[in-house]
Amino acid sequence: FMRMYDIIMKKRNGEALSKPEIDFFIEGYTKGEIPDYQVSALMMAIYFRGMNEQETLNLTMAMAGSGDMLDLSAIKGIKVDKHSTGGVGDKTTLALTPMVAACGIPVAKMSGRGLGHTGGTIDKLESFPGFSTSISTQTFIDNVNRIGIAVMGQTADLAPADKKLYALRDVTATVDNMSLIASSIMSKKLAAGADAIVLDVKTGSGAFMKTEEDSVALATEMAKIGRNAGRNTIAVVSDMDQPLGFAVGNALEVKEAIDTLKGHGPEDFVELCMTLGSQMLIAGGKAKDAEEAHDMLLKVLDSGAALDKLAEFVEAQGGNKEAVYNTDLLPKASIVEPVYSPVDGYIEHIECDEVGICSLILGGGRETKESDIDLSVGIVLTKKVGDKVVKGEPIAYIHTNDKEKLITAKERFLQAYRYSETKPKKSKIIKHIL
Ligand code: URA
(Lines give C-alpha, C1' and ligand atoms only; values in the text may rest on other atoms or scores of the structure.)
Protein backbone atom coordinates (compact mmCIF):
# COMPACT_ATOMS: atom_id res chain seq x y z
CA PHE A 1 0.00 0.00 0.00
CA MET A 2 1.46 3.34 -1.07
CA ARG A 3 0.47 6.87 -0.22
CA MET A 4 1.47 10.00 -2.13
CA TYR A 5 1.95 11.74 1.24
CA ASP A 6 4.75 9.34 2.20
CA ILE A 7 6.46 9.74 -1.19
CA ILE A 8 6.47 13.54 -0.85
CA MET A 9 7.83 13.31 2.69
CA LYS A 10 10.54 10.86 1.69
CA LYS A 11 11.83 13.18 -1.04
CA ARG A 12 11.40 16.23 1.20
CA ASN A 13 13.73 14.51 3.66
CA GLY A 14 16.29 13.93 0.92
CA GLU A 15 15.89 10.21 0.39
CA ALA A 16 15.91 8.44 -2.97
CA LEU A 17 12.59 7.19 -4.33
CA SER A 18 12.25 3.55 -5.35
CA LYS A 19 11.06 2.40 -8.77
CA PRO A 20 7.65 1.27 -7.40
CA GLU A 21 7.19 4.69 -5.78
CA ILE A 22 8.01 6.53 -9.01
CA ASP A 23 5.76 4.20 -11.03
CA PHE A 24 2.97 4.75 -8.50
CA PHE A 25 2.97 8.54 -8.71
CA ILE A 26 3.37 8.69 -12.49
CA GLU A 27 0.57 6.20 -13.06
CA GLY A 28 -1.70 7.87 -10.50
CA TYR A 29 -1.04 11.33 -11.87
CA THR A 30 -1.60 10.29 -15.49
CA LYS A 31 -4.95 8.71 -14.55
CA GLY A 32 -5.97 11.80 -12.62
CA GLU A 33 -6.05 9.94 -9.30
CA ILE A 34 -3.33 12.04 -7.68
CA PRO A 35 -4.11 15.77 -7.55
CA ASP A 36 -1.95 18.57 -8.92
CA TYR A 37 -1.17 19.97 -5.47
CA GLN A 38 0.49 16.79 -4.26
CA VAL A 39 2.51 16.44 -7.45
CA SER A 40 3.48 20.14 -7.21
CA ALA A 41 4.82 19.53 -3.73
CA LEU A 42 6.79 16.52 -4.94
CA MET A 43 8.24 18.51 -7.88
CA MET A 44 9.39 21.22 -5.48
CA ALA A 45 10.96 18.60 -3.20
CA ILE A 46 12.75 17.11 -6.23
CA TYR A 47 13.82 20.61 -7.26
CA PHE A 48 15.59 21.13 -3.92
CA ARG A 49 16.73 17.57 -3.16
CA GLY A 50 17.52 16.35 -6.68
CA MET A 51 17.38 12.81 -8.02
CA ASN A 52 20.17 10.29 -8.47
CA GLU A 53 20.94 8.51 -11.75
CA GLN A 54 18.68 5.52 -10.99
CA GLU A 55 15.72 7.70 -9.98
CA THR A 56 16.14 9.84 -13.10
CA LEU A 57 16.16 6.74 -15.30
CA ASN A 58 13.12 5.29 -13.51
CA LEU A 59 11.19 8.56 -13.89
CA THR A 60 12.07 8.71 -17.60
CA MET A 61 10.96 5.12 -18.21
CA ALA A 62 7.73 5.61 -16.25
CA MET A 63 6.84 8.71 -18.30
CA ALA A 64 7.86 7.09 -21.60
CA GLY A 65 5.61 4.14 -20.78
CA SER A 66 2.65 6.29 -19.67
CA GLY A 67 1.15 6.26 -23.19
CA ASP A 68 1.89 4.82 -26.63
CA MET A 69 5.40 3.57 -27.31
CA LEU A 70 5.93 3.86 -31.04
CA ASP A 71 6.91 0.56 -32.61
CA LEU A 72 9.26 1.23 -35.52
CA SER A 73 10.27 -2.39 -35.98
CA ALA A 74 8.47 -2.46 -39.35
CA ILE A 75 11.15 -0.07 -40.63
CA LYS A 76 14.30 -1.78 -41.86
CA GLY A 77 17.68 -0.62 -40.62
CA ILE A 78 18.92 1.31 -37.60
CA LYS A 79 16.56 4.22 -36.91
CA VAL A 80 18.48 7.28 -35.72
CA ASP A 81 16.65 10.23 -34.22
CA LYS A 82 17.99 13.74 -33.71
CA HIS A 83 16.77 16.13 -31.05
CA SER A 84 17.58 19.76 -30.44
CA THR A 85 16.87 21.45 -27.12
CA GLY A 86 15.73 24.44 -29.18
CA GLY A 87 17.03 27.78 -30.22
CA VAL A 88 16.74 30.74 -32.55
CA GLY A 89 17.13 30.07 -36.27
CA ASP A 90 17.46 26.35 -35.66
CA LYS A 91 16.43 24.91 -39.00
CA THR A 92 18.75 21.92 -38.61
CA THR A 93 16.15 19.18 -39.09
CA LEU A 94 15.17 20.64 -42.49
CA ALA A 95 18.63 20.24 -43.98
CA LEU A 96 20.07 17.43 -41.89
CA THR A 97 17.35 14.81 -42.27
CA PRO A 98 17.38 14.78 -46.12
CA MET A 99 21.19 14.64 -45.96
CA VAL A 100 21.30 11.53 -43.78
CA ALA A 101 18.29 9.97 -45.51
CA ALA A 102 20.12 10.37 -48.83
CA CYS A 103 23.00 8.43 -47.21
CA GLY A 104 20.65 5.55 -46.34
CA ILE A 105 19.69 6.29 -42.72
CA PRO A 106 15.95 5.77 -42.23
CA VAL A 107 14.54 8.97 -40.71
CA ALA A 108 11.30 8.51 -38.73
CA LYS A 109 10.97 11.74 -36.84
CA MET A 110 8.40 13.25 -34.53
CA SER A 111 8.56 17.01 -34.31
CA GLY A 112 6.80 19.81 -32.49
CA ARG A 113 5.49 23.29 -33.11
CA GLY A 114 7.17 26.41 -31.84
CA LEU A 115 6.27 28.11 -28.59
CA GLY A 116 7.70 31.37 -27.25
CA HIS A 117 10.90 32.64 -28.83
CA THR A 118 11.98 29.30 -30.29
CA GLY A 119 10.50 27.90 -33.47
CA GLY A 120 9.26 24.41 -34.26
CA THR A 121 10.03 22.17 -37.21
CA ILE A 122 6.36 21.50 -38.03
CA ASP A 123 5.60 25.20 -38.50
CA LYS A 124 8.64 25.56 -40.74
CA LEU A 125 7.66 22.58 -42.87
CA GLU A 126 4.19 24.03 -43.35
CA SER A 127 5.85 26.80 -45.37
CA PHE A 128 5.64 24.30 -48.23
CA PRO A 129 2.13 24.90 -49.55
CA GLY A 130 -0.01 21.84 -48.77
CA PHE A 131 2.47 20.11 -46.46
CA SER A 132 0.94 18.13 -43.59
CA THR A 133 2.42 16.34 -40.58
CA SER A 134 -0.99 15.00 -39.55
CA ILE A 135 -0.36 11.59 -41.05
CA SER A 136 -1.27 8.21 -39.61
CA THR A 137 1.36 6.04 -37.99
CA GLN A 138 0.93 3.61 -40.88
CA THR A 139 1.60 6.28 -43.55
CA PHE A 140 4.55 7.46 -41.45
CA ILE A 141 6.09 3.99 -41.43
CA ASP A 142 5.23 3.31 -45.10
CA ASN A 143 6.83 6.59 -46.20
CA VAL A 144 10.04 5.82 -44.33
CA ASN A 145 10.23 2.39 -45.95
CA ARG A 146 9.46 3.82 -49.40
CA ILE A 147 11.52 7.05 -49.53
CA GLY A 148 13.57 6.90 -46.30
CA ILE A 149 12.08 9.90 -44.52
CA ALA A 150 8.91 11.04 -42.75
CA VAL A 151 8.06 13.61 -40.09
CA MET A 152 4.90 13.58 -38.03
CA GLY A 153 3.43 15.68 -35.26
CA GLN A 154 3.66 14.32 -31.76
CA THR A 155 0.64 12.05 -31.18
CA ALA A 156 -1.64 12.99 -28.30
CA ASP A 157 -0.75 9.85 -26.44
CA LEU A 158 3.04 10.13 -26.56
CA ALA A 159 4.30 10.38 -22.96
CA PRO A 160 1.07 11.92 -21.55
CA ALA A 161 2.58 11.92 -18.05
CA ASP A 162 5.27 14.28 -19.27
CA LYS A 163 2.72 16.53 -20.92
CA LYS A 164 0.83 16.96 -17.65
CA LEU A 165 3.95 17.23 -15.54
CA TYR A 166 5.65 19.76 -17.81
CA ALA A 167 2.55 21.98 -17.79
CA LEU A 168 2.47 21.77 -13.98
CA ARG A 169 6.20 22.51 -13.62
CA ASP A 170 5.78 25.46 -15.94
CA VAL A 171 3.45 27.21 -13.47
CA THR A 172 5.11 26.11 -10.21
CA ALA A 173 8.69 27.30 -10.88
CA THR A 174 10.05 23.76 -11.09
CA VAL A 175 11.13 23.56 -14.73
CA ASP A 176 14.82 24.26 -14.37
CA ASN A 177 16.01 21.17 -12.58
CA MET A 178 18.53 19.11 -14.55
CA SER A 179 17.03 15.68 -13.80
CA LEU A 180 13.49 16.86 -14.53
CA ILE A 181 14.44 18.47 -17.86
CA ALA A 182 16.53 15.49 -18.92
CA SER A 183 13.84 12.96 -18.05
CA SER A 184 11.13 15.08 -19.71
CA ILE A 185 12.96 15.32 -23.04
CA MET A 186 14.23 11.74 -22.99
CA SER A 187 10.83 10.23 -22.12
CA LYS A 188 9.48 11.58 -25.42
CA LYS A 189 12.55 10.42 -27.35
CA LEU A 190 12.33 6.90 -25.90
CA ALA A 191 8.59 6.69 -26.63
CA ALA A 192 9.23 7.84 -30.22
CA GLY A 193 10.97 4.54 -30.85
CA ALA A 194 14.40 5.22 -32.39
CA ASP A 195 17.31 2.80 -31.89
CA ALA A 196 19.89 5.57 -31.61
CA ILE A 197 19.60 9.22 -30.62
CA VAL A 198 21.83 12.18 -31.46
CA LEU A 199 21.15 15.10 -29.12
CA ASP A 200 21.97 18.70 -29.98
CA VAL A 201 22.11 20.51 -26.66
CA LYS A 202 22.23 24.25 -27.18
CA THR A 203 24.16 26.67 -25.00
CA GLY A 204 24.13 30.48 -24.72
CA SER A 205 21.80 33.46 -24.64
CA GLY A 206 19.25 31.89 -27.03
CA ALA A 207 19.19 28.51 -25.31
CA PHE A 208 17.40 26.91 -22.43
CA MET A 209 20.75 26.53 -20.67
CA LYS A 210 22.65 29.81 -20.69
CA THR A 211 26.03 28.57 -19.44
CA GLU A 212 28.30 26.01 -21.02
CA GLU A 213 28.68 24.24 -17.68
CA ASP A 214 24.91 23.71 -17.34
CA SER A 215 24.60 22.62 -20.97
CA VAL A 216 27.33 20.02 -20.56
CA ALA A 217 25.65 18.77 -17.38
CA LEU A 218 22.28 18.47 -19.15
CA ALA A 219 23.87 16.77 -22.17
CA THR A 220 25.67 14.31 -19.90
CA GLU A 221 22.49 13.54 -17.98
CA MET A 222 20.44 12.96 -21.14
CA ALA A 223 23.12 10.79 -22.75
CA LYS A 224 23.30 8.70 -19.56
CA ILE A 225 19.53 8.14 -19.59
CA GLY A 226 19.58 7.13 -23.26
CA ARG A 227 22.41 4.66 -22.76
CA ASN A 228 20.88 3.25 -19.57
CA ALA A 229 17.68 2.72 -21.54
CA GLY A 230 19.61 0.72 -24.13
CA ARG A 231 19.69 3.32 -26.89
CA ASN A 232 22.97 4.37 -28.43
CA THR A 233 23.06 8.07 -27.51
CA ILE A 234 25.50 10.81 -28.52
CA ALA A 235 25.22 14.38 -27.23
CA VAL A 236 26.66 17.38 -29.05
CA VAL A 237 26.81 20.72 -27.24
CA SER A 238 26.54 23.57 -29.75
CA ASP A 239 26.54 27.34 -29.65
CA MET A 240 23.29 29.30 -29.35
CA ASP A 241 24.79 32.55 -28.13
CA GLN A 242 23.73 34.07 -31.47
CA PRO A 243 21.17 32.86 -34.01
CA LEU A 244 22.17 29.80 -36.03
CA GLY A 245 22.95 30.80 -39.63
CA PHE A 246 21.44 34.10 -40.79
CA ALA A 247 17.71 33.45 -41.11
CA VAL A 248 15.13 33.55 -38.30
CA GLY A 249 11.48 32.96 -39.23
CA ASN A 250 9.67 29.99 -40.72
CA ALA A 251 9.79 30.32 -44.53
CA LEU A 252 13.04 32.29 -44.32
CA GLU A 253 14.64 29.38 -42.49
CA VAL A 254 13.27 26.89 -45.01
CA LYS A 255 14.93 28.92 -47.76
CA GLU A 256 18.23 28.91 -45.87
CA ALA A 257 18.02 25.13 -45.35
CA ILE A 258 17.39 24.69 -49.09
CA ASP A 259 20.31 26.99 -49.94
CA THR A 260 22.42 24.80 -47.66
CA LEU A 261 21.38 21.66 -49.53
CA LYS A 262 22.35 23.50 -52.74
CA GLY A 263 25.82 24.09 -51.30
CA HIS A 264 25.45 27.74 -50.27
CA GLY A 265 24.81 27.42 -46.54
CA PRO A 266 26.11 29.68 -43.77
CA GLU A 267 29.40 28.43 -42.33
CA ASP A 268 28.19 27.72 -38.78
CA PHE A 269 25.05 25.97 -39.94
CA VAL A 270 26.91 23.78 -42.44
CA GLU A 271 29.40 22.77 -39.75
CA LEU A 272 26.60 21.85 -37.34
CA CYS A 273 24.82 19.75 -39.99
CA MET A 274 28.05 17.99 -40.92
CA THR A 275 28.85 17.22 -37.27
CA LEU A 276 25.39 15.97 -36.32
CA GLY A 277 25.07 14.14 -39.64
CA SER A 278 28.41 12.40 -39.10
CA GLN A 279 27.31 11.21 -35.66
CA MET A 280 24.05 9.94 -37.13
CA LEU A 281 25.83 8.02 -39.91
CA ILE A 282 28.19 6.45 -37.39
CA ALA A 283 25.36 5.55 -34.99
CA GLY A 284 23.39 4.12 -37.92
CA GLY A 285 26.29 1.91 -38.98
CA LYS A 286 26.73 3.65 -42.36
CA ALA A 287 30.17 5.10 -41.67
CA LYS A 288 33.05 3.84 -39.54
CA ASP A 289 34.35 7.25 -38.48
CA ALA A 290 33.75 10.99 -38.80
CA GLU A 291 36.00 11.29 -41.83
CA GLU A 292 34.15 8.69 -43.85
CA ALA A 293 30.80 10.15 -42.74
CA HIS A 294 31.92 13.63 -43.79
CA ASP A 295 32.79 12.40 -47.28
CA MET A 296 29.43 10.67 -47.64
CA LEU A 297 27.57 13.83 -46.63
CA LEU A 298 29.59 16.01 -49.00
CA LYS A 299 28.81 13.60 -51.81
CA VAL A 300 25.01 13.80 -51.36
CA LEU A 301 25.25 17.59 -51.21
CA ASP A 302 27.40 17.85 -54.36
CA SER A 303 25.29 15.41 -56.37
CA GLY A 304 22.00 17.08 -55.46
CA ALA A 305 20.76 13.81 -53.91
CA ALA A 306 20.03 15.49 -50.55
CA LEU A 307 18.05 18.26 -52.25
CA ASP A 308 16.08 15.70 -54.27
CA LYS A 309 15.42 13.77 -51.05
CA LEU A 310 13.87 16.88 -49.51
CA ALA A 311 11.66 17.29 -52.59
CA GLU A 312 10.54 13.64 -52.39
CA PHE A 313 9.76 14.06 -48.70
CA VAL A 314 7.78 17.29 -49.24
CA GLU A 315 5.75 15.69 -52.03
CA ALA A 316 5.05 12.52 -50.03
CA GLN A 317 3.42 14.63 -47.31
CA GLY A 318 1.25 16.68 -49.65
CA GLY A 319 3.52 19.68 -50.17
CA ASN A 320 4.48 21.43 -53.38
CA LYS A 321 7.92 20.05 -54.21
CA GLU A 322 8.51 22.75 -56.82
CA ALA A 323 9.16 25.13 -53.92
CA VAL A 324 12.29 23.11 -53.12
CA TYR A 325 13.76 24.00 -56.52
CA ASN A 326 12.22 27.47 -56.73
CA THR A 327 12.10 29.14 -53.31
CA ASP A 328 10.12 32.07 -54.75
CA LEU A 329 7.11 29.78 -54.28
CA LEU A 330 7.51 29.92 -50.47
CA PRO A 331 5.44 32.45 -48.47
CA LYS A 332 6.88 35.96 -48.81
CA ALA A 333 6.41 39.08 -46.72
CA SER A 334 5.27 42.29 -48.42
CA ILE A 335 7.80 44.57 -46.70
CA VAL A 336 11.55 44.00 -46.46
CA GLU A 337 13.20 46.69 -44.38
CA PRO A 338 16.94 47.06 -43.76
CA VAL A 339 18.31 47.71 -40.26
CA TYR A 340 21.45 49.83 -40.33
CA SER A 341 24.50 49.65 -38.11
CA PRO A 342 24.54 52.68 -35.77
CA VAL A 343 28.34 52.61 -35.45
CA ASP A 344 31.68 51.75 -37.04
CA GLY A 345 33.29 48.75 -35.38
CA TYR A 346 32.68 45.06 -34.76
CA ILE A 347 29.67 43.13 -33.56
CA GLU A 348 30.63 42.00 -30.08
CA HIS A 349 27.43 40.33 -28.89
CA ILE A 350 23.92 39.51 -30.11
CA GLU A 351 21.33 38.85 -27.41
CA CYS A 352 20.05 35.76 -29.14
CA ASP A 353 16.65 35.25 -27.49
CA GLU A 354 15.84 38.92 -28.23
CA VAL A 355 16.19 38.19 -31.95
CA GLY A 356 13.75 35.31 -31.46
CA ILE A 357 11.37 37.68 -29.69
CA CYS A 358 11.58 40.14 -32.60
CA SER A 359 10.45 37.38 -34.94
CA LEU A 360 7.63 36.63 -32.48
CA ILE A 361 6.60 40.31 -32.49
CA LEU A 362 6.46 40.26 -36.29
CA GLY A 363 3.99 37.37 -36.04
CA GLY A 364 6.40 34.51 -36.74
CA GLY A 365 5.95 32.76 -33.39
CA ARG A 366 3.31 31.81 -30.85
CA GLU A 367 2.61 33.66 -27.62
CA THR A 368 0.15 30.93 -26.61
CA LYS A 369 -0.54 27.47 -27.98
CA GLU A 370 -3.58 28.79 -29.86
CA SER A 371 -1.89 31.68 -31.73
CA ASP A 372 -1.83 31.71 -35.52
CA ILE A 373 1.51 32.41 -37.09
CA ASP A 374 2.64 34.25 -40.19
CA LEU A 375 5.07 31.93 -41.97
CA SER A 376 6.50 34.65 -44.20
CA VAL A 377 7.92 37.04 -41.59
CA GLY A 378 11.22 37.15 -39.73
CA ILE A 379 14.72 38.52 -39.83
CA VAL A 380 17.70 37.79 -42.03
CA LEU A 381 21.04 38.85 -40.55
CA THR A 382 23.88 39.92 -42.80
CA LYS A 383 26.54 39.87 -40.08
CA LYS A 384 27.45 37.72 -37.12
CA VAL A 385 29.48 38.16 -33.94
CA GLY A 386 33.07 39.14 -34.80
CA ASP A 387 32.16 40.73 -38.15
CA LYS A 388 33.21 44.27 -39.03
CA VAL A 389 30.47 46.83 -39.59
CA VAL A 390 30.43 50.32 -41.08
CA LYS A 391 27.98 52.90 -39.78
CA GLY A 392 24.90 52.99 -42.02
CA GLU A 393 25.39 49.58 -43.62
CA PRO A 394 22.65 46.96 -43.23
CA ILE A 395 23.22 44.45 -40.43
CA ALA A 396 19.90 42.71 -41.09
CA TYR A 397 16.68 42.79 -43.09
CA ILE A 398 13.30 42.60 -41.38
CA HIS A 399 10.57 40.79 -43.34
CA THR A 400 7.09 41.86 -42.28
CA ASN A 401 3.51 42.44 -43.36
CA ASP A 402 2.74 45.09 -40.76
CA LYS A 403 4.26 48.58 -40.45
CA GLU A 404 3.52 48.94 -36.73
CA LYS A 405 5.00 45.60 -35.80
CA LEU A 406 8.01 46.60 -37.89
CA ILE A 407 8.64 49.68 -35.73
CA THR A 408 8.42 47.71 -32.46
CA ALA A 409 10.56 44.86 -33.74
CA LYS A 410 13.19 47.15 -35.22
CA GLU A 411 13.65 49.09 -31.98
CA ARG A 412 14.00 45.91 -30.01
CA PHE A 413 16.34 44.38 -32.58
CA LEU A 414 18.74 47.33 -32.38
CA GLN A 415 18.85 46.91 -28.58
CA ALA A 416 19.95 43.29 -28.93
CA TYR A 417 23.35 44.26 -30.38
CA ARG A 418 26.58 45.31 -28.66
CA TYR A 419 29.54 46.66 -30.60
CA SER A 420 33.24 47.01 -29.89
CA GLU A 421 36.13 48.88 -31.45
CA THR A 422 38.44 45.90 -31.43
CA LYS A 423 37.78 42.61 -33.17
CA PRO A 424 36.21 40.10 -30.76
CA LYS A 425 36.92 36.38 -31.02
CA LYS A 426 34.48 34.36 -33.13
CA SER A 427 32.96 31.55 -31.11
CA LYS A 428 33.03 27.94 -32.22
CA ILE A 429 29.72 26.36 -33.18
CA ILE A 430 30.61 22.89 -31.83
CA LYS A 431 31.59 23.02 -28.16
CA HIS A 432 31.63 19.35 -27.15
CA ILE A 433 30.79 15.87 -28.38
CA LEU A 434 29.92 13.62 -25.46
N1 URA B 1 11.71 20.75 -22.85
C2 URA B 1 10.99 19.70 -22.43
O3 URA B 1 10.43 18.97 -23.23
N4 URA B 1 10.92 19.45 -21.12
C5 URA B 1 11.52 20.22 -20.20
O6 URA B 1 11.42 19.94 -19.02
C7 URA B 1 12.25 21.33 -20.64
C8 URA B 1 12.34 21.56 -21.98
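First things first, this report covers the structure right here in the doc. Fair warning: this is a prediction, and the values are worked out from it, not measured in the lab.

A few words on the sheet that holds strand β10 (residues 388–389). Strands sit in the order β10-β8-β12 across an open sheet of three strands; the sheet is antiparallel. In this open sheet, the two edge strands, each paired with only one partner strand, are β10 and β12 (417–420). As judged from the two bridges shared by strand β8 (residues 345–350) and β10, these two strands associate in the antiparallel manner. Its bridge partner being in β10, Gly345 is matched across the sheet by Val389.

Taken in spatial order, the four strands make up an open sheet running β1-β4-β5-β13, and their pairing is mixed. Looking at the sheet topology across the chains shown, the edges are occupied by β1 (80–84) and β13 (430–433). Across the sheet, the mean angle separating the axes of adjacent strands is 20° when strand polarity is ignored. Summarising the sheet, β1 and strand β4 (residues 196–203) pair through five bridges and their orientation is parallel.

Let's shift gears to the packing of aromatic side chains. Applying the stated criterion across every chain yields a total of four aromatic pairs. On the numbers, 5.5 Å between centres and 75° between planes, the contact of Phe131 with Phe313 is edge-to-face. Of this pair, Phe131 sits in the loop between α6 (121–125) and α7 (137–147) while Phe313 sits in helix α14 (residues 305–316); the two residues are 182 residues apart in sequence, bridging distant segments of the chain. Judged by its relative accessible area of 6%, Phe131 is buried. On the basis of relative accessible area, Phe313 is assigned to the buried category, the value being 2%. An aromatic cluster is present here, built from Phe413, Tyr417 and Tyr419 joined pairwise through their rings. The residue whose ring lies beneath Lys164 is Tyr29, and the NZ or CZ to ring-centre distance is 4.4 Å. In this structure, Lys384 is placed above the aromatic ring of Phe246, and the distance from its NZ or CZ to the ring centre is 5.8 Å.

The rules behind each value
Residues numbered from 1 in each chain as written. Predicted model: local features only at pLDDT ≥ 70, side-chain atom pairs only at ≥ 80, totals over all residues. Heavy atoms only, no water. Pairing = 2+ DSSP bridges. Helix = DSSP H or I, 4+ residues; strand = E, 2+ residues; numbered from the N terminus. Axes fitted to C-alpha atoms, helices over the stretch in contact; angles between N-to-C directions. Phe/Tyr/Trp six-rings, centres within 6.5 Å; stacked < 30°, edge-to-face > 60°. Buried < 20%, exposed > 50% of the residue type's maximum accessible area, 1.4 Å probe, protein only. Lys NZ or Arg CZ within 6 Å of the ring centre and 35° of its normal.

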